[in-house]
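Per-entry structural report
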Amino acid sequence: KNMLKKVFDGTFWAANVKPHRTPVWGESSPYCFIAVYGPSERKAAYAKFDAGAAIMSMLFQACEAGLGCCWLGSFNQKEVKNLLNLADDSQIYALVAVGYPAEEPQYENINISDEQSYYLNTEKKLIVPKYTVAAITEFYED
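Definitions and cut-offs
- Residues numbered from 1 in each chain as written.
- Predicted model: local features only at pLDDT ≥ 70, side-chain atom pairs only at ≥ 80, totals over all residues.
- Heavy atoms only, no water.
- Salt bridge = Lys/Arg side-chain N within 4 Å of Asp/Glu carboxyl O.
- Helix = DSSP H or I, 4+ residues; strand = E, 2+ residues; numbered from the N terminus.
- Buried < 20%, exposed > 50% of the residue type's maximum accessible area, 1.4 Å probe, protein only.
- Pairing = 2+ DSSP bridges.
- Arc of directions from axis to C-beta.
- Contact = heavy atoms within 4.5 Å.
- Phe/Tyr/Trp six-rings, centres within 6.5 Å; stacked < 30°, edge-to-face > 60°.
- Core = buried A, V, L, I, M, F, W, Y, C linked by side-chain atoms within 4.5 Å.

Quick look at the pattern of salt bridges
Scanning all chains against the criterion turns up 1 salt bridge. Lys5 is the salt-bridge partner of Asp9, the closest N and O atoms lying 2.8 Å from each other. One end of the pair, Asp9, and the other, Lys5, are both in helix 1 (residues 2–9), 4 residues apart, so they sit about a helical turn from each other. The class for Asp9 is partly exposed, based on a relative accessible area of 46%.

Here's what the structure looks like:
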């Protein structure tokens with residue numbers, strides 16, 4: 001629990017909707033964090049792709065088990081890396097906060113030119129914009 005609290009203190013939560021969705025330690029805080037890390041950029045240019053695929057698998061499995069997750073990219077990299085005693089030539093790609101969901105965010109399909117920031121609607125429901133497959137891919141035929 002001490003490590004969990006220290007990692008929690010090193011994370012930055014929902015900046016676009018503060019203070020409405022900022023977790024409170026011991027009340028609405030995660031039950032655990034998963035740190036996804038690997039070699040620094042200099043050593044493994046494609047490691048982040050593998051990490052992203054692994055994180056998606058974790059998210060799917062957690063949802064299947066009735067858990068809620070938050071893929072965090074906004075945290076104090078240096079502080080959390082030191083807490084975990086990671087090698088100097090490593091990098092934390094993301095943290096995954098895991099717990100029991102307090103709400104069910106609504107997803108909104110967007111195009112590549114649309115604003116990607118999440119927000120609270122007039123009913124204070126969390127809206128999370130997500131690119132559609134069509135928005136981020138091109139299919140070519142000969």
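Considerations on the sheet that holds strand 5 (residues 119–120)
Read across the open sheet, the 3 strands follow the order 4-6-5; overall the sheet is mixed. Looking at strand neighbours, the two that pair on one side only are strand 4 (106–110) and strand 5, the edges of this open sheet. As paired strands, strand 5 and strand 6 (residues 126–131) are joined by 2 bridges and run antiparallel to one another. Following the sheet pairing, Leu120 is matched in strand 6 by Leu126.

Regarding helix 1
By the burial criterion, the buried members of helix 1 are Leu4, Val7 and Phe8. Considered in projection along helix 1, the buried side chains sweep an arc of 105° and stay on one side of the axis. Residues of helix 1 that are buried make contact with strand 1 (32–39), helix 3 (77–83) and strand 3 (90–99).

Examining the packing of aromatic side chains
How two aromatic rings sit relative to each other is set out by the distance from centre to centre and by the angle between their planes. On inspection of all chains with the given rule, the structure shows 5 aromatic pairs. With a centroid separation of 6.4 Å and an interplanar angle of 45°, the aromatic rings of Trp13 and Phe33 are classed as tilted. Of the two residues, Trp13 sits in the loop between helix 1 and strand 1 while Phe33 sits in strand 1, which places them 20 residues apart along the sequence. Judged by relative accessible area, Trp13 falls into the buried class, the value being 11%. Ring centres 5.3 Å apart and planes at 80° place the aromatic pair Tyr31 and Tyr100 in the edge-to-face group.

Description of the nonpolar core
Counting 12 residues, the largest nonpolar core consists of Leu4, Val7, Phe8, Trp13, Phe33, Leu72, Phe75, Val80, Leu86, Ile92, Leu95 and Ala97. Those elements giving two or more residues to this core turn out to be helix 1 and strand 3. Sequence-distant contacts of Leu95, that is, excluding residues within four places in its chain, are made with Val7, Thr11, Phe33, Ile34, Ala35, Cys70, Trp71, Leu72, Phe75 and Val80. Counting residues in hydrophobic clusters, the runner-up holds 10 residues, among them Ala47, Ile55, Tyr93 and Val98.

Section: the environment of Ser113
Counting through the fold element by element, Ser113 comes out in the loop between strand 4 and strand 5. Owing to a relative accessible area of 67%, Ser113 belongs among the exposed residues under this scheme. Measuring from C-alpha to C-alpha, the distance between Ser113 and Tyr131 comes to 9.6 Å, with 18 residues separating the pair along the chain.

Overview of the pairing of strand 6
Here strand 4 pairs with strand 6 via 5 bridges, running parallel. Along strand 6, the bridge assignment pairs Asn109 with Lys130. Hairpin connection, strand 5 to strand 6: the antiparallel pair is bridged by 5 residues, and Lys124 has positive phi, about 65°.

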